[in-house]
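One-letter residues, chain by chain:
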Amino acid sequence: MSEFSQGAVPTTDNSLFKRLLPDTDVGTFFTGYWDKTPLHMPACEASPGGFSDLVSARDIDHLFGYSDARIRVARWHDGKVHNRSVPKIGGMPNIYDLYQAWNDGFSISIDHLHRFWPPITRFYKQIESTLQHPAGVNLYYTPPGNQAFKIHYDGHDVFVLQATGTKDWEVYRQIDPFPNTGRELDNPDQAGKPILTCTLREGDALYIPRGFAHAARATDSASIHLTVQVTPLTWYELLRIIEGNADWTNLRLRQSLPPGFMHQKETMHRTLPTLLGRPIDGNAVQDALQRYCDRLWGQAQPIPDGHFECLQRVHQMALESRLRKRVHACCRAESTPEGARLVFH
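The numbers attached to residues start from 1 for each chain and follow its sequence in the written order. Confidence filtering applies because this is a predicted model: local features only for residues at pLDDT of at least 70, side-chain atom pairs given and counted only at 80 or more, and all residues used for totals across whole chains, interfaces and linings. Hydrogens and waters are ignored; side-chain quantities use all the structure's heavy atoms.

Q: Describe the overall build of the chain, and please don't skip the residues or the numbers.
A: In DSSP terms, a helix is any run of H or I states spanning at least four residues, a strand is any run of E spanning at least two, and both are numbered starting from the N terminus. The helix and strand tally for the chain stands at nine helices and 17 strands. Seen through its C-alpha atoms, the chain measures out along the principal axes to roughly 65 × 55 × 40 Å. Three labels apply to residues, based on accessible area from a 1.4 Å probe with only protein chains included: buried if under 20% of the type maximum, exposed if over 50%, partly exposed otherwise in between. When each of the 345 residues of the chain is scored for burial, the buried share is 48%. Note on contacts: a residue pair qualifies if any of its non-hydrogen atoms lie within 4.5 Å across the two residues. Within the chain, contacts between residues at least 6 apart in sequence are counted, and of these 77% link residues at least 24 apart. Working definition of accessibility: Shrake-Rupley area with a 1.4 Å probe, residue cover restricted to the visible protein chains. A total of about 17500 Å² of accessible surface is found on the chain, and carbon and sulfur atoms cover 50% of it. Positive residues here are Lys and Arg, negative ones are Asp and Glu, while His and the chain termini are left out of the count. Just so you know, the charge point we use is NZ for Lys, CZ for Arg, CG for Asp and CD for Glu. Mean positive and mean negative side-chain charge positions of the chain (36 and 38 charges, respectively) differ by 2 Å.

Here is the structure:
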């Protein structure tokens, strides 16, 4: 077990954890559950409204109108997943066919909601900038008493956020330790008995690490839940950047880098040699971390906030001007031959 998995805690944006972990100590979560075991986190009075500000049933029709919306219509029934195709009209799915599918028991999922739905975009940026791992958000709208998918596990960590209604969840043992891809289970008996069962109600959250099999079914009410997918950067990937190859069978290397790892460089330098059981060049580790940062933040897009209007006033900026960092924008200091500079993403 790495030094990080025993106690690394992000040091920024505690408001995020107050929302995701209302009754759970942040340090306890990251030392005892992150990358290790599932956790049900019930809502509490400290987080009124739950996640209804992110999405509600009234928003569903609007979401189908975005051309970037990736929609899947599916139902787990009679031992298999049934998928229903929905024709498009003017580049958008036929809303009447979606109504009919939902009435027929099919769940409707919308992937990559963070790309175009402003409340989700802001929340997603908060998650990604705090954890410093790539993230994404999908939505699942399930009719009462129905199930979309068979038992499966994912190649990423998942925070399930119950927005409306209720849903029964069963989480099983870790089928594959620290996988990088998910898989459906052909034989449900392979999962054994659930290690965690819970009913998510509005405002509840559920954390499921990579490789843990799970399944969910709506209760007697319709259910809308969001899945925040955190695709962790790992020691394996870091070592591949440094040396060009790494041993995938080494489970210790497949562990996630700690949340907020960009602010913990000294510990990073100490931990990798411990995992490998041999020394490694500290400058190479530093260079790899920099390349990691460039890859993650180089692909990041800012929250739409009317910035084009600000560009109209750039010529008015002077040395005495006071500037404000964009919400959830990440920045780092760089040393160049010309001096120091701040780079924002």
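Q: Before we move on, can you summarise helix α5 (residues 118-131) with the specific residues and values?
A: Three- or four-residue spacings in an α-helix give side chains the same orientation, since the helix completes a turn every 3.6 residues. Take the residue count of a helix, subtract one, and multiply by 1.5 Å to get its expected span. In this model, α5 (14 residues) spans 20 Å end to end at C-alpha, consistent with the 20 Å of a helix rising 1.5 Å per residue. With 12 of 14 residues buried, α5 lies mostly within the body of the structure. For α5, every residue scored as buried is listed here: P119, I120, T121, F123, Y124, K125, Q126, I127, E128, S129, T130 and L131. Within two residues after α5, Q132 carries a phi angle of roughly 65°, on the positive side.

Q: How would you summarise the environment of L296 if you had to cite specific residues and measurements?
A: By the secondary structure assignment, L296 is in helix α8 (residues 282-298). On the accessibility criterion, L296 (9% relative accessible area) is buried. Not counting the four nearest positions on each side in its chain, L296 is found in contact with Q132, H133, P134 and M262.

Q: Which residues make up the packing of aromatic side chains, and what values do they have?
A: Note on ring pairs: Phe, Tyr and Trp rings are taken, using the six-membered ring of Trp, and paired if centres are within 6.5 Å. Classes follow the plane angle, with under 30 degrees stacked, over 60 edge-to-face and the rest tilted. One pass over the structure, following the stated rule, counts 11 aromatic pairs. Their ring planes at 85° and their centres at 5.0 Å tell us that F29 and F30 sit as a pair that is edge-to-face. Both residues of the pair, F29 and F30, belong to the buried class. Between F29 and Y207 the ring centres are 5.1 Å apart and the planes differ by 75°, which places this aromatic pair in the edge-to-face class. Taken together, the positions of F29 in helix α2 (residues 26-32) and Y207 in strand β13 (residues 205-208) put the pair 178 residues apart, joining distant regions of the chain. With respect to burial, F29 and Y207 carry one shared label: buried. By the ring-pair criterion, three or more aromatic residues cluster together here, those being F29, F30, Y33, W34, F159 and Y207.

Q: Hey, could you go over the nonpolar core for me, with residue numbers and the actual values?
A: The term nonpolar core refers to a set of buried residues drawn from Ala, Val, Leu, Ile, Met, Phe, Trp, Tyr and Cys, joined through side-chain atoms within 4.5 Å. Of all hydrophobic cores here, the largest spans 45 residues; its most connected members are L63, L113, L139, F159, L161 and L226. Residue contributions to this core peak at five residues, all from α5. Contacts of L63, omitting those with residues within four sequence positions, involve V55, A69, I110, L113, F116, W117 and L139.

Q: Tell me about the packing of helix α6 (residues 235-243) against helix α7 (residues 265-276), and please be specific about residues and values.
A: Close contact between α6 and α7 brings their axes to 12 Å; oriented N to C, the two are set at 95°. Taken together, α6 and α7 sit at an angle that is classed as roughly perpendicular. Contact residues: W235, L238, L239 and I242 in α6; M268, T271, L272, L275 and L276 in α7. Residue classes in the contact of α6 with α7 are distributed as eight nonpolar, one polar and no charged. Between the N-to-C directions of two axes lies an angle of 0 to 180 degrees, each axis being a line fitted to C-alpha atoms and, for a helix, fitted only over the stretch in contact. An angle below 35 degrees is treated as roughly parallel, one above 145 as roughly antiparallel, one from 65 to 115 as roughly perpendicular, and anything else as oblique. In this classification, the charged set is Asp, Glu, Lys and Arg, the nonpolar set is Ala, Val, Leu, Ile, Met, Phe, Trp, Tyr, Cys and Pro, and all remaining amino acids, among them Gly, are polar.

Q: Would you mind going over the pairing of strand β6 (residues 107-111) in detail, with residue names and values included?
A: Across the five residues that make up β6, a large majority, five, are buried. With burial as the criterion, each face of β6 is covered, one bearing S107, S109 and D111 and the other bearing I108 and I110. In this analysis, strands are considered paired if DSSP registers two or more bridges between them. Here β6 pairs with strand β7 (residues 135-142) via three bridges, running antiparallel. Considered in β7, the bridge of I110 is made with L139.

Q: Quick rundown of α6? Include the residues and the values.
A: Those residues of α6 lying buried are W235, Y236, L238 and L239. Buried residues of α6, seen end-on, are gathered within an arc of 160° and therefore sit on one face of the element. Phi turns positive, to about 90°, at G244, one or two residues after α6. When we speak of the arc, we mean the arc of directions from the helix axis to the C-beta atoms.

Q: Tell me what's going on with the side chain of H152, and back it up with residues and numbers.
A: Structurally, H152 can be placed in strand β8 (residues 152-153). A polar contact is formed between the side chain of H152 and the backbone oxygen of K150, at a distance of 2.9 Å. Those residues in contact with H152 that sit more than four places away from it in its chain are R183, E184, L185, F212, A213 and H214. In the analysis that follows, any N or O atom pair within 3.5 Å is treated as a polar contact, provided that within protein one partner can donate a hydrogen and the other can accept it, and provided that, for residues neighboring in sequence, both atoms belong to side chains.

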